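# Per-entry structural report
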Amino acid sequence: MRPAIFLHFFFGTLACLSLLCVIAEDPSRYYTWTVTYGTISPLGSPQQGILINGQFPGPTIDCVTNDNIIVTVINKLDKPFLITWNGIKQRKTPWQDGTLGTNCPIPPNSNWTYKFQTKDQIGTYSYFPSTLMHRAAGGFGGFNIASRSVIPIPYPIPVEEFTLLVGDWYNSSHKAKLDSGIPLPLPNALLINGLPSGSTFTGEKGKTYKFRVSNVGISTSINFRIQAHTMTLVEVEGAHTVQDVYDSLDVHVGQSVAVLVTLHATVKDYFIVASTRFTKPVLTATSFLKYAGSSTPASEPLPIGPTYQIHWSMMQARTIRRNLTANAARPNPQGSFHYGTIPIQRTLILANSATKINGTLRYAVNGISYVNPATPLKLADYYNISGVFKLNSIKDTPPSGPAVFGTSVIGTTLHDFIEIVFQNNETTLQSWHLDGYTFWTVGFGSGQWTPDMRRRYNLADANSRHTVQVYPNSWSAVLASLDNKGMWNLRSAIWSRQYLGQQLYIRVWNNETSLFTEYDVPDNALYCGKAKRP
């Protein structure tokens, strides 16, 4: 027994020392954000928005791989509030994920401090409020992670980077309508960095610039393009891609891309254009790419983009592939992990649906419309609090019968390798996001998925990302290696659907308590519902 006790003590001490070393050696970035209501006029008329430090959109976080991020959020709203970090994996820190399944919300007139590390990540991300329909009123911003200086990137370093937050916008709150069962209408406009037009990005002729583009909207896919210029795709949500050249790119709700643009045209101003996809009418937002020294304004016509061509979008999605020889946050090539050779241990087929429960509109996954319990799932799991959720309360395949309310949690084991098929039998595009992970987007197809569809999977160089689109009356398939312990939200990125039940949680667990896999509940954790501070 004594050798075993010694080894347990030794490795536990080593884990604690390694945590202290990470905190000591990796830089820390501190932010204090005051969240308030404020008057904004993105469409010309005053309306109430959510501001961070008086800004709309919120401030951009620019950091480096492995930086420690410490954000104190002061909630001056009249409702509880949380921010989630879209695409940040929260390795070992699921307590910082900022969803109602992991955190008690920050009460009005109080504050809470997030502490997490951008562990082994690079790329283009965003953040936004996860509570109620706050996301529709603002509170969002960019989150960019640069590579460490010792890690090469697979393209020449651009002269400058520009962050573009593109999203749909509504001129009034629709929470009351959603609560009463009225679906979200078409948006009133598109915005680029909070404006329907007017943002300007300046560069020099002959130089190359990186544009980081995120769809921060709540319901609408967009197409992005730059007049008289092509774009070289270099990164999608933390993965370096094959560097194909595009005239325009579709970016669906919750997704992010990074492109290189070389200023090779005549010295003048050019339109940067974002337009809605799969909507009637088509909405458009514009910004300007201004060449240094230009005195010539941008001139129409605007570059033409796709409107409702679903097949075009699906074909483009299949062209986005992983750069196997490039590294990402670590020096080893991205292709060194051969995901296509790993046996699948479990298949989840998840079908979304619009339904009515008790006569009111709800959205469901496999017949269950999710309801947030008063106690966060993660706290209930950690403290063994009964009566909050039941594992595997949702079926692995779509059942028959009417939808019901429930708190859906899928139980998995740490290091499981799973297949998720998103089946969309509706006539609108879906967008699915998984916290804590990226997954390989191995397949897109029309109609109903069957096991024979696996023959069409890309098992060599599929791109990895955290959010995948599912086209109308179609399916998308992803593979995920569950190597990050925690309670992770799998949700519709289309926020009205998430708000009305199209979400669930995946519990990734093993029975070992170790700082190598997950840190303990933080000292400053908030408690609510059945969870009481010990």
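Because the structure is predicted, anything quoted here is derived from the model rather than measured. (Residues numbered from 1 in each chain as written. Predicted model: local features only at pLDDT ≥ 70, side-chain atom pairs only at ≥ 80, totals over all residues. Heavy atoms only, no water.)

### A closer look at the overall build of the protein
- Secondary structure summary: the protein contains 5 helices and 34 strands in total.
- Its C-alpha atoms give the protein a radius of gyration of 23 Å, within 12% of the compact-globule value 24 Å for 534 residues.
- Principal-axis analysis of the C-alpha atoms gives the protein an extent of 80 × 60 × 55 Å.
- Among the 534 residues that make up the protein, the fraction classed as buried is 58%.
- Total accessible area computed for the protein in this model is approximately 21,400 Å², and 56% of it derives from carbon and sulfur atoms. (Helix = DSSP H or I, 4+ residues; strand = E, 2+ residues; numbered from the N terminus. Rg over C-alpha atoms; globule rule 2.2 N^0.38 Å. Buried < 20%, exposed > 50% of the residue type's maximum accessible area, 1.4 Å probe, protein only. Areas by Shrake-Rupley, 256 points an atom, 1.4 Å probe, with all protein chains shown as cover.)

### Points about the pattern of salt bridges
- Counted by the stated rule, this structure contains 19 salt bridges.
- Where arginine 491 meets aspartate 435, a salt bridge forms, and the shortest distance between an N and an O atom there is 3.0 Å. Taken together, the residues arginine 491 in strand β33 (residues 486-492) and aspartate 435 in the loop between β28 (430-434) and β29 (439-446) connect sequence positions 56 residues apart. Accessibility classification places arginine 491 together with aspartate 435 in one group, the buried group.
- Sharing partners across several salt bridges, the network here consists of Glu161, Lys210, Arg212 and Glu235. (Salt bridge = Lys/Arg side-chain N within 4 Å of Asp/Glu carboxyl O.)

### Considerations on the sheet that holds strand β2 (residues 47-52)
- Read across the open sheet, the 4 strands follow the order β2-β1-β4-β6; overall the sheet is mixed. Among the strands making up the open sheet, the edge pair consists of β2 and β6 (110-117). Shown here is a sheet whose adjacent strand axes are inclined to one another by a mean of 20°, direction ignored.
- Inspection of the sheet shows strand β1 (residues 28-40) paired to strand β4 (residues 68-75) by 8 bridges, in the parallel sense. Looking at β4, one finds that tyrosine 30 is bridged to isoleucine 70. (Pairing = 2+ DSSP bridges. Axes fitted to C-alpha atoms, helices over the stretch in contact; angles between N-to-C directions.)

### Some words on the UniProt feature "domain: Plastocyanin-like" (unreviewed entry) in the protein
- Listed under "domain: Plastocyanin-like" (unreviewed entry) in the UniProt record, and renumbered for this structure, are residues 35-148, 160-293 and 375-512.
- The distance from the first to the last C-alpha atom of residues 35-148 is 31 Å, and the span holds 0% helix and 43% strand.
- In residues 160-293, helix accounts for 4% and strand for 51%; the two terminal C-alpha atoms are 17 Å from one another. (UniProt positions renumbered as here; feature names shortened; annotations may be inferred.)

### What to know about the domain arrangement of the protein
- Per the domain assignment, the segments of the protein are domain 1 (24-150), domain 2 (152-327) and domain 3 (339-509).
- Once you take the C-alpha centre of each, domain 1 and domain 2 turn out to be 22 Å apart.
- Contacts between the two partners involve 26 residues from domain 1, matched on the other side by 32 residues from domain 2.
- Taken together, domain 1 and domain 2 are joined by 0 salt bridges.
- Where domain 1 touches domain 2, the interface holds 8 residue pairs in polar contact (both at pLDDT 80 or more).
- Residue assignment for the side of domain 1 that touches domain 2 shows that the elements contributing at least two residues are β7 (123-129) and β8 (141-146). (Domains from an automatic or database assignment. Contact = heavy atoms within 4.5 Å. Polar contact = N/O pair within 3.5 Å; in protein donor to acceptor, adjacent residues only side chain to side chain.)

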